[in-house]
Amino acid sequence: NNAGLIIDKAYRLAEVDPRLYSSFIEHLGRAVYGGIYDPGHPEADDAGFRRDVANLIRDIGVPLIRYPGGNFVSGYNWEDGVGPVEERPSRLDLAWRSIEPNKVGTNEFIEWARGIGSDVMMAVNLGTRGVDAARHLLEYCNHPGGTQYSDLRVAHGYKEPHRIKTWCLGNEMDGPWQIGQKTAAEYGRLASETAKAMRLVDPGIELVACGSSFRSMPTYAEWEAAVLDHTYEQVDYLSLHTYYGNADNDTANYLARSLDMDHFIREIIAVCDYIKAKQRSRKTLHLSFDEWNVWFHTLESDKQVAPWQHAPELLEDCYTFEDALMVGSMLITMLNHADRVKIACLAQLVNAIAPIMTETGGRAWKQTIYYPYLHASLYGRGTVLVPVLNCEKYDCKDYTDVPQLDTAIVYNEAQEELTIFAVNKSLVESNKLVCDVRGFAGYRVIEQIVMTSGDVKAVNTADAPDSVLPHRAHDAKVDDGRLNAVLPALSWNVIRLR
Ligand code: AHR
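Residues numbered from 1 in each chain as written. Predicted model: local features only at pLDDT ≥ 70, side-chain atom pairs only at ≥ 80, totals over all residues.

Chemist: Would you mind going over the overall build of the protein chain with me for this structure?
Modeler: A count of helical and extended segments in the protein chain gives ten helices and 27 strands. Its C-alpha atoms give the protein chain a radius of gyration of 23 Å, within 12% of the compact-globule value 23 Å for 498 residues. In the protein chain, which comprises 498 residues, the share counted as buried stands at 51%. Put simply, 76% of the contacts in the protein chain that link residues at least 6 apart link residues at least 24 apart. (Helix = DSSP H or I, 4+ residues; strand = E, 2+ residues; numbered from the N terminus. Rg over C-alpha atoms; globule rule 2.2 N^0.38 Å. Buried ≥ 20, exposed ≤ 12 C-beta atoms within 10 Å, placed from the backbone. Contact = placed C-beta atoms within 7 Å.)

And the structure:
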């Protein structure tokens, strides 16, 4: 097939907020214990965190990591996780029905994250707790000293405040699975009062209100409208969460689900702007897509995991090649909404639905989805240009007129670099892409990266960590203001020009 793409410096959508490449570590399964933290491991540093795992994260350049949950936060007492480790209690974590020993808590996590160049997006518990616990945690983290909680932090060995800027007001509070689930009115009021108190403690913070847990929630859209009715002026972002999967083993239909993500973002923007109109507000709300990924491989098998274990193997999805394409399409979708989506967290980062896997005490490796995430974070910084794309379309079970190609264009003016990200979703047809780049006189292809596989179900494992890898290609060329490139059937492509 042939496809055409017009790239023009004048079609600017928005600057990419680097926090679009954020991630998430929850106290869940082996994400923390046996994942980032493994004191018995030969690679462990003095604090017990694995250096090899830290390096894999550092390579991606993850600007912000959401912590400590997720569902976990809705039953978490932050006080359990600070102070002398030997005095910390073990608790029943009701969210994942596991044992939480509290060996890692707020201070250790922040120190670890900052050590790998990431900031922390902290979530407060609005499930079992409320205004008081939230304001005290904020005081503990951000107040310089001279008060009970700030002095407690100093006594715990952290003289300087942590200066955590971005805070989530709870997690998925509409979900029946959530400890302390709330109605939209209950949550809206609580979030609004918590926001008020937190801003009095530290006016410099940013706040994220919970949107629906996913687009098919029965209260979807009404939830957002009702919550924002209470919180619009007090928060900076509204959260979106979504996970996709290929449970039906229908690749074409699966990959088309990036359209669902696109509709989801558009609908939430519409709700935000409706409340803006209703309240005659001058403020435009931004979106925090603070949980997104593929998650389906372990949904059934996890039901068999025995409760009350410490660090059980939970949510350890082993990602296929087609999952990497889906992650690539989701990244492209969010880039093309960079004017409103300012934060996005790949959920999660290590072991639990993660790009990085470890054996407790053993090896670490990169899953297939590591690569599109890496490429987007490395090369997707700058200004998003609106892609004017003309390509073939297909129909599948749940969608019609699905473009075979997904494309996003990022222009890094400072480095004089132009990057085209593209997924070819066609199962059989390669696409000859012709891009009009006449506005980029003198630009040449400096790198072409392609991920393909003869087997859509190919995976990377500890024993075969390199089964699915990106490779260099060399067919992309600029000629007379036109970039020509071949995008193979079922492929992830990164074409960099300078
Ligand atoms: O990321 C896994 C879980 O998915 C999170 O704890 C929860 O917020 C969501 O339902």
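Chemist: Can you help me understand the packing of helix 5 (residues 184-201) against helix 6 (residues 222-231) in this one?
Modeler: Helix packing geometry: the angle between the two helix axes and the distance between the axes. In contact at an axis separation of 8 Å, helix 5 and helix 6 are set at 35° when each is read in the N-to-C sense. Here helix 5 runs over helix 6; the crossing is right-handed. Here Ala 184, Ala 185, Tyr 187, Gly 188, Arg 189, Ala 191, Ser 192 and Ala 195 of helix 5 come into contact with helix 6, specifically with Glu 222, Trp 223, Ala 226, Val 227, Asp 229, His 230 and Thr 231. In terms of residue class, the contact of helix 5 with helix 6 is built from eight nonpolar, four polar and three charged. (Axes fitted to C-alpha atoms, helices over the stretch in contact; angles between N-to-C directions. Left-handed = near helix turned anticlockwise from the far one by under 90°. Nonpolar A, V, L, I, M, F, W, Y, C, P; charged D, E, K, R; others polar.)

Chemist: Just checking my understanding: could you explain the site of the ligand for this structure?
Modeler: Around the ligand, the neighbouring residues are Glu 26, Gly 69, Gly 70, Asn 71, Asn 171, Glu 172, Ser 213, Glu 291, Ala 347 and Gln 348. For the shell around the ligand, the class distribution of residues is one nonpolar, six polar and three charged. (Near = placed C-beta within 6 Å.)

Chemist: Mind showing me how you'd approach the pairing of strand 20 (residues 405-412) here?
Modeler: Each regular strand shows side chains that alternate between the opposite faces of the sheet. Judged by how many residues are buried, strand 20 sits mostly within the fold: seven of eight residues are covered. Across three bridges, strand 16 (residues 383-385) lies against strand 20 in antiparallel orientation. Bridging from a neighbouring strand, Val 384 pairs with Val 410 of strand 20. For strand 20 and strand 21 (residues 417-424), the ladder comprises eight bridges, and the chain directions are antiparallel. In the strand pairing of strand 21, Ile 409 is matched with Ile 420. Connecting strand 20 to the next strand, strand 21, in antiparallel fashion are four residues, including Glu 416 with a positive phi near 50°. (Pairing = 2+ DSSP bridges.)

Chemist: What is the right way to read the packing of helix 3 (residues 131-142) against helix 4 (residues 148-155) from this model?
Modeler: Contact geometry for helix 3 and helix 4: axes closest at 7 Å, N-to-C directions at 45°. Taken together, the axes of helix 3 and helix 4 lie oblique to each other. Pair helix 3 / helix 4 crosses with right-handed handedness. Residues His 136, Glu 139 and Tyr 140 of helix 3 lie in contact with helix 4, whose contacting residues are Tyr 149, Ser 150, Leu 152 and Arg 153. Residues of the contact of helix 3 with helix 4, tallied by class, amount to three nonpolar, two polar and two charged. (Parallel < 35°, antiparallel > 145°, perpendicular 65-115°, else oblique.)

Chemist: Which parts of the structure should I look at to understand the UniProt feature "domain: Alpha-L-arabinofuranosidase C-terminal" (unreviewed entry) in the protein chain?
Modeler: As annotated by UniProt and renumbered to match this structure, "domain: Alpha-L-arabinofuranosidase C-terminal" (unreviewed entry) occupies residues 290-491. Across residues 290-491, helical content stands at 12% and strand content at 35%; the span's end C-alpha atoms are separated by 26 Å. (UniProt positions renumbered as here; feature names shortened; annotations may be inferred.)

Chemist: What exactly am I supposed to notice about the nonpolar core here?
Modeler: Generally speaking, a soluble globular protein has its nonpolar side chains buried in company with each other. Of all hydrophobic cores here, the largest spans 157 residues; its most connected members are Ile 65, Leu 169, Ala 324 and Ile 356. For this core, the leading source of residues is helix 9 (residues 321-335), giving ten residues. Each of domain 1 (2-9 + 385-497) and domain 2 (17-379) gives at least three residues to this core. (Core = buried A, V, L, I, M, F, W, Y, C linked by C-beta atoms within 7 Å. Domains from an automatic or database assignment.)

Chemist: How should helix 2 (residues 106-115) be read in this particular structure?
Modeler: Since one α-helical turn is 3.6 residues long, residues separated by three or four positions face the same way. What helix 2 keeps buried is the set Thr 106, Phe 109, Ile 110, Trp 112 and Ala 113. For helix 2, the angular spread of the buried residues around the axis is 165°, confining them to a single face. If you follow the buried residues of helix 2, they end up packed against strand 4 (64-67), strand 7 (119-124) and helix 3. Just past helix 2, the residue Gly 117 takes up positive phi, approximately 85°. (Arc of directions from axis to C-beta.)

Chemist: I would appreciate a short explanation of the sheet that holds strand 24 (residues 471-472) in the present structure.
Modeler: Remark on secondary structure: sheet strands pair via backbone hydrogen bonds, oriented parallel or antiparallel. What the seven strands build is an open sheet, ordered 2-16-20-21-27-23-24; its pairing is antiparallel. The open sheet terminates on both sides in strands that have one partner only, identified here as strand 2 (12-15) and strand 24. Each of strand 16, strand 20, strand 21, strand 23 (445-451) and strand 27 (491-497) is contacted by helix 9, which is oriented at about 55° to strand 20, the strand it contacts most.

Chemist: Sorry, what's going on with the sheet that holds strand 26 (residues 482-487) here?
Modeler: Strands sit in the order 17-1-22-26-25 across an open sheet of five strands; the sheet is mixed. Every other strand in the sheet has two partners, leaving strand 17 (388-390) and strand 25 (477-479) as the edge strands with one partner each. Put simply, the sheet's adjacent strands are angled 20° from each other on average, direction ignored. Pairing analysis gives five bridges linking strand 1 (residues 2-6) to strand 22 (residues 431-436), with the strands arranged parallel. Residue Leu 5 lies in a different strand from strand 22, and its bridge partner there is Cys 435.

Chemist: Hey, could you run me through the domain arrangement of the protein chain in this one?
Modeler: You can read the domains of the protein chain as domain 1 (2-9 + 385-497) and domain 2 (17-379). Contacts between the two partners involve 32 residues from domain 1 and, on the opposite side, 31 residues from domain 2. Looking at the side of domain 1 that touches domain 2 element by element, the count peaks at four residues for strand 20. For the side of domain 1 that touches domain 2, the per-class residue count stands at 21 nonpolar, four polar and seven charged.

Chemist: How do you make sense of the environment of His 263 when you look at a structure like this?
Modeler: Within the secondary structure, His 263 sits in helix 8 (residues 258-278). A count of 12 C-beta atoms within 10 Å places His 263 in the exposed class. Linking His 263 and Thr 333, residues 70 residues apart in sequence, is a C-alpha distance of 10.0 Å.

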